Amino acid sequence: MSLDNASTPAHEGPTAVVVLAAGSGTRMKSRRMKVLHELCGRSMVGHVLHAALAVAPRHVVAVVGHGREQVGRHVLEQVPDALLAVQEQQDGTGDAVRVALDALREAGATSGTVVVMSGDTPLMQGETLRGLVRDHEAAGRAVTLLTGLVPDPFGYGRVLRDADGSVTAIVEEKDATPEQAAVREINSGIYAFDGAFLAGAVGRIGNDNAKGEYYLTDVVAIARADGATVGAHVVDDVAQTEGANDRAQLAGLAAQLNRRTLERWMRDGVTVVDPASTWVDVTVTLAPDVTLLPGVQLHGATTVEEDAVVGPDTTLRDVRVGRGASVVRAHGERAVVGEEATVGPFSYLRPGAELAAGAKVGAFVEVKNSTLGPGAKVPHLSYVGDASIGEGTNIGAGTIFANYDGVAKHRTTVGSHARTGSNNTFVAPVTIGDGAVTGGGSVIREDVPPGALAVSAGPQRTMEGWVFRRRAGTAAAEAASRAAGQEGSITSPG
C-alpha cells in the first residue's frame, strides 16, 4: 500500500477498511465524480484513503459505481493494491457493503474487524479511526458506531439508546418520529464491525423504508435481535465526520481543513502572519522558523526549510525552498530555490528552474529549465530558458535567452563570473566562457571565449539638428531650442 505522506503504525490493523465511493454527487453539477473533487492538496477520497491507511488494514476496498473508471483509476493511483468492488445499482449503503464483502471473500479475508467509511469525509483523521478500532476490539462488539453530539442534527441519522446507554438503533431523518428527530447524537456513517457477523447480517437487510434502499444502519437492529453487542465511540471533533454534497459545502470543508493545517504548523514553530489569506496543502512540509506572509499559497509537494520567508502574494507548487531563502510576490512550479537565494518580486519560476545557494532572480524575470550557480544573478526584466549560468555571473537587465528556433529547443551556457550587458539576446546554442563580458544591446550568436569581450552593435550615429528639421513646432523641438539657447549649442535653429 502507498499514499504520499501516509503514516502507518507498526501493529497489525483490522482486516479491511471499506470506502464507499459509488455515488455520482449530482449536486456538485460536475462531470467529475463527487469524491474526486479536491481540497487542500488531495481529492476527498484521497483524504479518506490517507486516514484509512493510518490504521494499517490488510485490505482496502473501494466500492465504485457511477464514474467507476474515473474513481477506480484514482483510487489505484493512491493505493495500488486496493480492491475495487463495483456496485452496479446504487441501492444503498447496505448493498454497497455487500459487494465489498464479496470482494473480500474472493481475497480470502472473511474474518476480523472491518471498518466502513464514506468517501466524502475529508477531515477524518487516522488517529480517530485508530481509536474506533481499539474501542471496538477491546469491547468485543459486533458493531461499533462512530458518533458525535451536535447542536443541530438536521440531515443526519439519529442514534437511539436504551435506558442503560446501549445503542438500540439508527433511524434516518426521513423515517424518524418527531421525538427521534430531536435526538442530538448523530451517526457519522463510519463503523467498525466484526467481519463474520457483518457477512451474515448484510443479507438480512430489508428495504422497507421511505427511499426503498438497503440501509447499512439496519445492521444495528439485526445485531440487537441476535443478542450481539452494539456500542458507540463518541468523537469530540464531530467536524471530522462532515461530508460535502455540493461545492459550497466543499469550500466550507476546505476552509476548516486549511485552518487546522495552519494551526498545526504554527504549533510546530511556523509563523503565519495572516492565516485568513494563507492556504497550505496537507502535502506541504514546513520547517520551524519559516515565515509565511499574507497571500501565500503552497501546494503539492512544496517544502520550505528553516528561516525562509515566503510572500507576500506568492504561489508555489512542488517547489523546494532552501534555508534562509526569500520568495516575494512570485509564482513557481516544480522548481528549486537554494539556501539564501532570493526570488522576486514578480518573478516566475517554471518547471526545471534551479537556483543554487545565494542566487538571485529579480523583478519581472522568468526562468524555465535553467540552472543558476552559487551567487549568480538575473536581477531585472529577463527571460532565461534552457540555460546554465555559472557561479557569480551577473546577467544584465532586459536579457533574452532565445532558446527556440521554431522547431527545437537549444541550450545556452554562461560560465562563471561572467558579466553580460543590458538588453542582450543569446541565440542558442551558444556558450559564453568564464569571466567573459558582453556589451549592452548585443545579439550573441557565436561562442565567446573565456575572458573575451563580445559586442555586436555598430558605431553610434548622431545627426545633429534632426528634431529642428523634422519635428519643427513640437514640444520636443521647443525643449531642444531652449536647451540649445542655454548651452549655446551650434545645433540651435537660426
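That block above? That's the structure.
Along each chain, numbering runs from 1 in the same order as the chain's sequence is written. Reporting of local features is limited, given that this is a predicted model, to residues whose pLDDT is at least 70; pairs of side-chain atoms are given and counted only at 80 or more, and all residues count toward the totals for whole chains, interfaces and linings. Hydrogens are left out, water is left out, and the side-chain values use all remaining heavy atoms of the structure.

1. Structural notes on the overall build of the protein
Each helix is a run of H or I in the DSSP string that is no shorter than four residues. Each strand is a run of E no shorter than two, and both are numbered from the N terminus. Across its full length, the protein carries 10 helices and 40 strands. Its C-alpha atoms give the protein a radius of gyration of 33 Å, more than 25% over the compact-globule value 23 Å for 494 residues. Judged by the C-alpha coordinates and their principal axes, the protein covers about 115 × 50 × 45 Å. Residue burial in the protein is summarised as follows: out of 494 residues, 47% are buried. Contact definition: two residues touch when any of their heavy atoms are within 4.5 Å. Relative to all contacts within the protein whose residues are 6 or more apart in sequence, the contacts with residues 24 or more apart total 43%. By element, 49% of the accessible surface of the protein is carried by carbon and sulfur atoms, the whole surface being about 22500 Å². Taken together, the 44 basic and 56 acidic charged side chains of the protein have centroids lying 8 Å from each other. Restricting the calculation to C-alpha atoms gives the radius of gyration, and the globule rule supplies 2.2 Å times the number of residues raised to the power 0.38. Each residue's exposure class comes from its accessible area (1.4 Å probe, protein chains only) as a fraction of the maximum for that residue type: buried when under 20%, exposed when over 50%, partly exposed otherwise. In this description, accessible areas are obtained by the Shrake-Rupley approach with a 1.4 Å probe, and a residue is regarded as covered only by the protein chains that are shown. Just so you know, the count uses Lys and Arg for positive and Asp and Glu for negative, and it drops His and the chain ends. Throughout, a charge is located at the NZ atom of Lys, the CZ atom of Arg, the CG atom of Asp or the CD atom of Glu.

2. Considerations on the pairing of strand β7 (residues 143-149)
Across the seven residues of β7, six count as buried, placing the element largely inside the fold. With six bridges connecting them, β7 and strand β10 (residues 185-194) associate as antiparallel partners. The partner of leucine 149 across the bridge, within β10, is glutamate 185. Whether two strands pair comes down to DSSP finding at least two bridges between them. Sheet analysis places β7 next to strand β11 (residues 230-234), joined by five bridges and oriented parallel. Along β11, the bridge assignment pairs threonine 147 with valine 234.

3. Details of the sheet that holds strand β27 (residues 360-363)
Spatially, seven strands are ordered β12-β15-β18-β21-β24-β27-β30 in an open sheet, and the strand pairing comes out parallel. What marks the edges here is a single partner per strand, and that holds for β12 (271-272) and β30 (377-380). Pairing analysis gives two bridges linking β12 to strand β15 (residues 291-292), with the strands arranged parallel. The residue bridging valine 272 from the neighbouring strand is leucine 292, located in β15.

4. Quick notes on the sheet that holds strand β38 (residues 437-438)
Here we have three strands laid out as an open sheet, ordered β35-β38-β40, and parallel in their pairing. Each edge of the sheet is formed by a strand with only one pairing partner; in this case those strands are β35 (419-420) and β40 (453-454). Pairing between β38 and β40: two bridges, direction parallel. Residue pairing for β40: threonine 438 is matched across the bridge by alanine 454.

5. Some remarks on unusual backbone geometry
Note the cis peptide between glycine 311 and proline 312, where omega equals 5°. Locating proline 312 in the fold gives a position in the loop between β18 (309-310) and β19 (314-317). Of the consecutive residues alanine 428 and proline 429, the connecting peptide bond is found in the cis state with omega at 0°. Tracing the chain through its elements places proline 429 in the loop between β36 (425-427) and β37 (430-432). Phi at histidine 417 takes a positive value of approximately 55°, unusual for a residue other than glycine. Its location among the elements puts histidine 417 in the loop between β34 (412-414) and β35.

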